[in-house]
Amino acid sequence: MPVGIFRVCLLVITAIVNHPLFFPKENGTVLENTEEIIQKMKEREESLRLEQLRLEQEIADQEATQMALEKAALVVEESKEEKVRWDMWTALSMVVFLLIELWRQDFQEGNWQDIGGDEDDMAVLGKAFKGVAFPNKAVLASFYEKRILGTTGDMARMREMVEGFADDLLEALRSVCNRDADMEVEDCVGVGSMYENWRVRKPFVCDLIVPFAPPEPYCFRCQTWCSGDSFPPDEQGYGTIKVCRADEDVTGCICDKTKLGEDMLCLLHSQVNTTRPSSEMEDLLCFKNTQYLDADQVMKWFQIAVTKAWNRISHKYEFDLSFSLLDSPGALKIKFKSGKSIAFNLTPVVQYENSDVYFISHFPRSSLAADVPSSTHWFLTFAVYERRFIHLVSKTLPANACHVSCLQILSFLHGKQCSLTGPSGLTNYHLKTVMLHLLQAHPSQDWAPEKLEARLQDMLKFLERCLHEKKLYHFFIGNGKVPAELGFPIIFQRAEPLNLFRPFVLRRDIYRKTVDTFHEMLRNMSALINEYTVHIPLAHTNGIRKESL
């Protein structure tokens, strides 16, 4: 019973305690707490959203950084691959360069001036010959006999007369010169077309070169563009001449190349030997304040010496002697009382070492020739070896070979065309160079007299090819096939080939004029030849053509 009463009391108390009327304030704030909770939840949501945005931005930055790193790594890898490829190209280029150099050596030792003898090449390079009526053998033979052959006797008589007078003049020149102070003059040497028997254009002019040497104790030390030191392209073919004492070693001491201080002395050379008065070097015809021989000073000295020599012997002759051309200081003219005249060139030269190569003070000028770098640069002439080579090859050719005839006809045609349309960049020296190349390329039997027409066409086509390529190599320089009998200096055989047509690359106007003149000469060839050819019956001409076929 008490237990039951206790349970009833406990239940009543529990009901009273949990009745809502006992906690009116707590129940009244339920709405306020809900709104506050909602506000806090919104604020929390906003903060979470901002945190999400921040995290997303960080992730994006990390991804951008990762992409930049990957891209940089890719660039580095590509650069490494590019470097590897570049190294491969460099190695390949070196291999190609070596192959080209080996080919150039073989080409230089072999047929270094491409003759273009293949039929395909001839077909391409003979475009200028299309529509050109080329004279046949009969017409060419008649032209050669009537116009050219008769001048050979005149050249022989003129050479004999000029050589005899030049020897007398040089003997008188030696007598008026001071043997202890002036240059020593040697005997003259005949060179050029008059002495190679192929000059056809009048007036005939003999070219004589006069070697000279300095007085004792001096000597000449020659340096060429192919002697090892680097020369600019416009100085190829030239050299310098240094005047030294015979006992002076120009390469063994630097005191002559370096300016020493006032308190320094050379232990090998005394002050007296190394210091030369400028007047002494000028007396030796050197350029001012240098030891290099001056071509202008040499020509002035030579003209004065020739004038003195002529005054000494003029009473022996019944003609007058004068200098004929201002731009060619060695040009002399003999004037007879009858009004006739004979022209010849007497040019001082310096011998290169112990060879027949000479440094020439002044060279005949042409529109193609470049300006001389300075008066201390001397042009090298190989005229003596050219004459000797033609004479040597002529011994192996058939009787009455046509090589000289081809050159004479070509020289005549070109000279005639230039007289009609004005001068061009081609000279007789270029034409002779073409003949020299073909003489070396063709066998001896190809120069038989009956093959005049074919060889003349070869010369014209070869010249056309050279003009097209702007490339005609000097015959001797860089030619490894020069006959050993000539005794030609090996230094020039091993040199780089010298392109005689290099100025055409720089002078487009002269090149255009030269090509136009050449093509005009081809078109006028038959007319120019027929003008000096007797009439040949057509039947005789056709018969010769059938025989040639």
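These numbers were taken from a predicted model, which means no experiment stands behind them. (Residues numbered from 1 in each chain as written. Predicted model: local features only at pLDDT ≥ 70, side-chain atom pairs only at ≥ 80, totals over all residues. Heavy atoms only, no water.)

Turning to the overall build of the protein chain, a few remarks are in order. Broken down by element type, the protein chain carries 18 helices and ten strands. Out of the 549 residues belonging to the protein chain, those deemed buried represent 41%. The long-range share in the protein chain, meaning contacts at least 24 apart out of those at least 6 apart in sequence, stands at 72%. (Helix = DSSP H or I, 4+ residues; strand = E, 2+ residues; numbered from the N terminus. Buried < 20%, exposed > 50% of the residue type's maximum accessible area, 1.4 Å probe, protein only. Contact = heavy atoms within 4.5 Å.)

On the secondary structure map, Glu318 appears in the loop between helix 10 (295-313) and strand 6 (319-323). Judged by its relative accessible area of 63%, Glu318 is exposed. For the pair formed by Glu318 and Phe336, sequence separation is 18 residues and the distance between their alpha carbons is 7.1 Å.

Here we take up the packing of helix 13 (residues 428-441) against helix 14 (residues 452-469). Remark: helix 13 packs on helix 14, axes separated minimally by 10 Å, with the N-to-C direction vectors making an angle of 110°. It follows that helix 13 is roughly perpendicular to helix 14 by the angle criterion. By crossing handedness, the relation of helix 13 to helix 14 is classed as right-handed. Here Leu431, Val434, Met435, His437 and Leu438 of helix 13 lie close against helix 14, whose contacting residues are Asp458, Met459, Phe462 and Leu463. Split into classes, the residues belonging to the contact of helix 13 with helix 14 amount to seven nonpolar, one polar and one charged. (Axes fitted to C-alpha atoms, helices over the stretch in contact; angles between N-to-C directions. Parallel < 35°, antiparallel > 145°, perpendicular 65-115°, else oblique. Left-handed = near helix turned anticlockwise from the far one by under 90°. Nonpolar A, V, L, I, M, F, W, Y, C, P; charged D, E, K, R; others polar.)

A word on the packing of helix 5 (residues 137-148) against helix 12 (residues 403-421). Contact pair helix 5 / helix 12: the axes reach a minimum separation of 11 Å and the direction vectors enclose 75°. Comparing the axis directions of helix 5 and helix 12 gives the class roughly perpendicular. On helix 12, the residues that touch Leu140, Phe143, Tyr144, Arg147 and Ile148 of helix 5 are Ser405, Gln408, Ile409 and Phe412. Taken together, the residues of the contact of helix 5 with helix 12 sort by class into six nonpolar, two polar and one charged.

In this model, helix 11 (residues 383-394) (twelve residues) spans 17 Å end to end at C-alpha, consistent with the 16 Å of a helix rising 1.5 Å per residue. Taken as a whole, helix 11 has its buried residues at Ala383, Val384, Tyr385, Glu386, Phe389, Ile390 and Val393. (Expected span 1.5 Å × (residues − 1).)

With that settled, the discussion passes to the pairing of strand 7 (residues 331-336). Both strand 6 and strand 7 contribute to a ladder of five bridges, which runs antiparallel. Looking at strand 7, one finds that Ser322 is bridged to Lys333. Examined bridge by bridge, strand 7 and strand 8 (residues 341-351) share five bridges and lie antiparallel to one another. What sits directly across from Lys333, in strand 8, is Ala343. (Pairing = 2+ DSSP bridges.)

Most of the time, phi is negative for any residue but glycine, and the peptide bond is trans. Omega for the peptide link from Lys202 to Pro203 comes to 5°, which places this bond in the cis form. Following the sequence through the fold, Pro203 ends up in the loop between helix 7 (193-196) and strand 3 (205-213). With phi around 60°, Asn289 is a residue other than glycine that occupies positive phi space. Topologically, Asn289 is positioned in the loop between helix 9 (278-283) and helix 10.

Leu169, Leu293, Phe344 and Leu346 are the most contacted members of the largest nonpolar core, which has 113 residues in total. A domain split of this core shows at least three residues from each of domain 1 (120-149 + 396-534) and domain 2 (151-247 + 282-381). (Core = buried A, V, L, I, M, F, W, Y, C linked by side-chain atoms within 4.5 Å. Domains from an automatic or database assignment.)

Taken residue by residue, the protein chain gives an average pLDDT of 80. The fraction at 70 or more is 74%. Averaged pLDDT values over the elements of the protein chain bottom out at 38 in helix 18 (residues 538-548) and peak at 96 in helix 11. Across residues 117-125, confidence stays below pLDDT 50; counting only partners more than four residues off in sequence or on other chains, it has eight contacts. Per-residue pLDDT stays below 50 along residues 535-549; that stretch engages in ten contacts with residues further than four places along the chain or on separate chains. (pLDDT = per-residue confidence, 0-100.)

As for its position among the elements, Lys432 is in helix 13. When its relative accessible area of 4% is taken as the criterion, Lys432 is described as buried.

Taking 1.5 Å as the rise per residue, helix 10 with 19 residues should run 27 Å; its terminal C-alpha atoms sit 27 Å apart, in good agreement. Those residues of helix 10 that sit buried are Ala295, Val298, Met299, Trp301, Phe302, Ala305, Val306, Ala309, Trp310 and Ile313. All buried residues of helix 10 project into a common sector of 165° when viewed along the axis, lining one side. Seen from the buried face of helix 10, the exposed residues on the opposite side, beyond 90 degrees, are Lys300 and Asn311. By the N-cap criterion, in which a side-chain oxygen at the helix start approaches the backbone nitrogen of a residue two or three places on, helix 10 is capped by Asp294, the distance to Asp296 being 3.0 Å. (Arc of directions from axis to C-beta. Polar contact = N/O pair within 3.5 Å; in protein donor to acceptor, adjacent residues only side chain to side chain.)

Moving on, we come to the packing of aromatic side chains. Considering all chains together, one arrives at 27 aromatic pairs under this definition. A ring pair is formed by Phe165 and Phe344, whose centres lie 6.2 Å apart and whose planes are at 85°; its orientation type is edge-to-face. In this pair, Phe165 sits in helix 6 (residues 152-176) while Phe344 sits in strand 8, placing the two residues 179 residues apart along the sequence. We classify Phe344 as buried; its relative accessible area is 0%. Seen in terms of ring centroids, Phe382 and Phe488 are 5.8 Å apart; in terms of plane orientation they differ by 45°. Their pairing is tilted. Pair noted here: Phe382 is in the loop between strand 10 (378-381) and helix 11 and Phe488 is in the loop between helix 14 and helix 15 (490-493), with a separation of 106 residues, a long-range link. Both residues of the pair, Phe382 and Phe488, belong to the buried class. (Phe/Tyr/Trp six-rings, centres within 6.5 Å; stacked < 30°, edge-to-face > 60°.)

Before going further, it helps to spend a moment on the pattern of salt bridges. Throughout the structure, instances matching the rule amount to 16 salt bridges. Between Glu46 and Arg49 there is a salt bridge whose closest N-O contact spans 2.5 Å. Note that Glu46 and Arg49 are positioned in helix 3 (residues 30-109) at a spacing of three residues, about one turn of the helix. A residue is classified by how much of its surface remains accessible, and Arg49, at 40% relative accessible area, is partly exposed. (Salt bridge = Lys/Arg side-chain N within 4 Å of Asp/Glu carboxyl O.)

Further remarks concern the pairing of strand 3. By the criterion of burial, strand 3 is predominantly enclosed, with seven of the nine residues buried. Pairing of strand 1 (residues 184-185) with strand 3, which is carried by two bridges, proceeds in the antiparallel orientation. Within the sheet, the bridge partner assigned to Val185 lies in strand 3 and is Phe212. Taken together, the three bridges between strand 2 (residues 189-191) and strand 3 define a ladder with antiparallel strand orientation. Along strand 3, the bridge assignment pairs Gly190 with Leu208. Sheet topology places strand 3 next to strand 8; seven bridges connect them, and they run parallel. Bridge pairing in strand 8 places Val205 opposite Ala343.

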